[in-house]
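Listed below are the residues making up each chain.
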Amino acid sequence: MADINTSSSSAVAEAASFLTPLNILLIAILAISMYYRLKPQPTPTLPAPTAPTVFQTFTPPTLLPFDGRNNAPVYLAVRGRVFDVTPGKNFYGPNGPYANFAGRDASRGLASGSFDEDMLTKNLQGPLDTLTDLDDEQLEALRGWEERFSEKYLVVGKLVPVGSEEAQEAQKA
Amino acid sequence: MSNIVEQLDAKISAALSGWNFYTTVLALLVFAYIAYPIIFHDEPDTHPMLLARQASASPVRQPGESAVYRSLEVPHGYPLKTGLNVKEPDAPKWSGGRDGDLRDIWRQVARGAHSEQGGSNVPAGKILTVLGKEDVKDHDVGDVSREINIIGKHIRQHGVTRVAIYLPNSIEFLSTVFACAFYGLSPILIPYNQPSNVVLELLQKTSAECLVAAAGALPLADVGQRVSSLKEIVWVVEKSSRQMDWHQKPEGTGNRVGVSVWHDLVLDQKRTTSVELPTSEQGSKPANITTIWQKKQGAMGEVIEFTHQNMVAAIAAQISALPARQRMSPSDLFLPADAFTHTYVLTLTLAALFSHASVAITSVASPGVDLSLVTRNIAPTIIVASAETAASLHRATHPTATSGLKKFAYYTETKALAGGRMPTDTLLTRLNAPIRAAVGSTPGKLRLLFVSERVGAGSPPLTSEQLSDLRVFTGARVIYALTAAQVAGAVSQTSIFDYRREEGRSGTHSHFGVPLSSVEVKLVDTSTHRTTDKGNPEGEITVLGPAVAGGKAALGVTGTFRDDHTLAYV
C-alpha cells in the first residue's frame, strides 16, 4: 500500500519537474520562434512606378502651357517631335538660359544657334515654321541637335498646326 | 540597494535551481531551432527583388494602348534579338555575326560531329531515336547529312517547291525540314494523327506539291484525287512494314503523281551522294515554313507562314532566355515530348541542336502524351511538354491520401520553394522523400521542364500551385510559356528561378512571365478592357517583333501586366 503511494507520488513528482517555470519559459520561447519562422511572409514588392506618359498630338497653343511653371513639365518641339526636357529644367525651364524654347517650336532657334525671341513663330494659330529658308550649315546643326535630343530626352508627342486633320482627329479621340 | 540586489539574486537562483534534464533538452532545442538557419544559411536562387519587377515598360504609351513591355535583355531604344549571331569558325572572337537560318543550325551539328576526329574543339551532341520500350538508336550525323542531301535532291528533281510533311516526330521529319532549308524548298508542317479528311483538306488548302508522309497514314487513292497540286509522294516506312510494296501509284491520277519510298531512295543513292551539304553560295535562299494552328484536335486549322528570320529570332531568344549556367549544353539530353509541328517545340529542339545538346526523338510525342511512358528507357535532363501532359502528370502524382510523413516532406519542399530555393537532395529528403513523379529511367536527372500554353486551343489551365507542385514532384525547374499561332516560339515565358506560389486562384492560369527577347508585347484597348493611368493595364495582347509572322499580331485574348510586369490572362 505504502509502496504504491510512493511510486505514484514519484510519478507525479516526475511530471511536475517537467513543468517547472524555467521549462515553461523555454517552451514559450520555442513556440514564439516557431510561430515567427513559419508565419507566411508577404512577398517583397517594389513601389509602383509612375504611369507612362501618353503620347499626345499638340498644336502650338496646347503646347504653350508646358513651360515648367507651376510644376508643369517642360516640353519643346523640334521638327514636329515634342521632347520632354524636364530633366534639363535648369536650362529650358523658367529663368533658364534657353527658357524661350519651353513650350514652343525650337527648330529655327536650334538651327541658327540663337535664343532670340524672333526665332520663334509669332502666330500660334498659323501654320508651323517650314524651315525652307535655312542653308545647309544650319540644317546640319539642326540635325545634330535633333540627334542629341533623341538620345537624351523622351519623345512624348508630335506638333501639328491648328486646324490640320491630325489635330482634329486628336481632339475627337 | 543591496537588499533589492540580494532579493533579485535569491529569486534568480531559486528559478535556476529548478534546472533539470528536461530543461537541458528544451534549451538545446531552442538553441538549435534559432541557430540552425543562421549556420546553414541557403541563399535563394535569385534575389526576390529581381522577381518583383521582371520586364521593363516603355516610358511613353500611345493613346488607346498600354506601354510596350520588353524583356530586360533588350532595353527600349535598342533592337530586338533578330538572329543567332552565326560566325565562321575562323572569324575573330568578337566580330559581329550574321543572323543565320536553319542551315547554320545543321552545320553546327555537323561541325560538332566532324570535330570528334580531331580539329577544333566543338563538342558533339548525339541524336537518338527512342523506339518503344527496348531500343534507343543512335544516329550518325554523317548519315543524316547524306539523307538530307538525298531527299533534297530527289524532291528538287521533280521541280516542286512546296513539301508537306505528315510525319510523327522522327529523324526523317528533321531531315526533311533541313533538306527544305538547304535546297530552297518550302516545308508545310501538318499535325500528325488527324482524321484523313482534315489532312487532305489542309493539303489542298496549302497547295502541297510533294508529300512526305508515314506509310499507310493516308489512303492513297484519296490523296491522289483530292489534292490536285500533288506531284510526288515519299513514303516513310517503319522497319516492320518494309517487306510490303509501297511503290503503287494512286489510281485515277495517271502519271501525275510519282511515288517513292524513303529507305529505298537512301539505299539506292547512298554511294553516290556525299556528306557535304550545299554551302550558302551554292544553295538557294531558304523558303518559308508553313505551320498549322488547330483550335481543337481533329478540326481544321489556321495556316501561318513563317520566314526563316522569324524562326531564327525565336531560337536565339530561347537560347538567351536562360541564364548562362542553366543553358542547354553538351551534357544535356533534350526530349521533345510534344509534336514538332508546334513551333515552340521545334524552336526548342533546334536550339538544343545548335547548343550541341543531345536530342532524343520519340514518335509517340503528341500534345496529350504520358511522360512516364515516354521516358521509360531514357533519362532526359530537359523536356518540353504541352499543358495537357503537365496537367495529367500532376493529376497522376498528386495523391488524395498520403501518409503524414510524405505530406510533411511535401510541405518542407514547398516551403523551400516559397523561400526561393530549389529543394535539393539532403539527408532528410533521402530519409523521407515526398511523392515523386516517375519521369526518366534514372530519377533525379531531369533539371528543366518547359510547359507550353496554347492561345485559343483549349489547353488546360495550370495554376501557380500546380506548377509549384510539379517542381516538387519532378525535382526540376518548370517554365510556363505562352505560345500563339502567329508567333514563332513563345510570346512570353516565366523566369527559370521564379518559384513563387500564389494561393487561392484555382482554375485560373498562372502568369506567363516576361516577353522573350525577340518580341515586345503591348495591350490594345478593347470595349471591355482598357488601360488607364491608374492600376494595371488591360487589353488585347498584341505582339510585335522579328519572331512574329507579318511583324505584328493581335492574339485575340485579353491580358494584363501585373505589378511585377509579368503577363497574365485577365
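Quick caveat: nothing in here was measured; it's all calculated off a predicted structure. (Residues numbered from 1 in each chain as written. Chains lettered and ligands numbered in written order. Predicted model: local features only at pLDDT ≥ 70, side-chain atom pairs only at ≥ 80, totals over all residues. Heavy atoms only, no water.)

Caption draft 1: Representation of the side chain of T414(B) in the model. Residues and elements named next belong to chain B. Looking at the secondary structure, you find T414 in helix α14 (residues 404-418). On the accessibility criterion, T414 (12% relative accessible area) is buried. Other than its neighbours up to four places away in sequence, T414 contacts S468, V472 and R501. (Helix = DSSP H or I, 4+ residues; strand = E, 2+ residues; numbered from the N terminus. Buried < 20%, exposed > 50% of the residue type's maximum accessible area, 1.4 Å probe, protein only. Contact = heavy atoms within 4.5 Å.)

Caption draft 2: Looking closely at a nonpolar patch on the surface. Together, L25(A), I29(A), I34(B), Y36(B), I38(B), I39(B) and F40(B) make up a nonpolar patch on the protein surface, roughly 750 Å² of accessible area in all. Counting only elements with at least two residues in the nonpolar patch, the list comes to α2 (21-38) of chain A together with α2 (21-39) of chain B. Of all the elements, α2(B) adds the most residues to the nonpolar patch, at 4 residues. Positionally, I29(A) belongs in helix α2. Owing to a relative accessible area of 35%, I29(A) belongs among the partly exposed residues under this scheme. (Patch = residues over 30% accessible without salt bridge, like charges linked within 9 Å, V, L, I, M, F, W, Y side chains within 5 Å. Areas by Shrake-Rupley, 256 points an atom, 1.4 Å probe, with all protein chains shown as cover. Salt bridge = Lys/Arg side-chain N within 4 Å of Asp/Glu carboxyl O.)

Caption draft 3: Representation of the domain arrangement of chain B in the model. Residues and elements named next belong to chain B. According to the domain assignment, chain B consists of domain 1 (2-39), domain 2 (50-79 + 315-569) and domain 3 (140-285). Computed from C-alpha atoms alone, the centre-to-centre distance between domain 2 and domain 3 is 34 Å. The tally of links between domain 2 and domain 3 comes to 0 salt bridges. Where domain 2 meets domain 3, there are 2 residue pairs in polar contact (both at pLDDT 80 or more). Where the side of domain 2 that touches domain 3 is concerned, the elements lending two or more residues are α11 (343-354) and β14 (358-362). Ranked by residue count, the leading element in the side of domain 2 that touches domain 3 is α11, at 3 residues. When grouped by side-chain class, the residues that make up the side of domain 2 that touches domain 3 number 8 nonpolar, 3 polar and 1 charged. (Domains from an automatic or database assignment. Polar contact = N/O pair within 3.5 Å; in protein donor to acceptor, adjacent residues only side chain to side chain. Nonpolar A, V, L, I, M, F, W, Y, C, P; charged D, E, K, R; others polar.)

Caption draft 4: Spotlight on the packing of aromatic side chains. Throughout the structure, instances matching the rule amount to 25 aromatic pairs over all chains. When the ring of F91(A) is compared with that of Y98(A), the centres are 5.8 Å apart and the planes differ by 15 degrees; the resulting orientation is stacked. F91(A) sits in the partly exposed class, given a relative accessible area of 44%. Relative accessible area serves as the criterion here: at 22%, Y98(A) is assigned to the partly exposed category. Between F173(B) and F340(B), the ring centres sit 5.4 Å apart and the planes meet at 55 degrees, which makes this aromatic pair tilted. Pair noted here: F173(B) is in helix α6 (residues 171-182) and F340(B) is in the loop between β13 (333-336) and α11, with a separation of 167 residues, a long-range link. (Phe/Tyr/Trp six-rings, centres within 6.5 Å; stacked < 30°, edge-to-face > 60°.)

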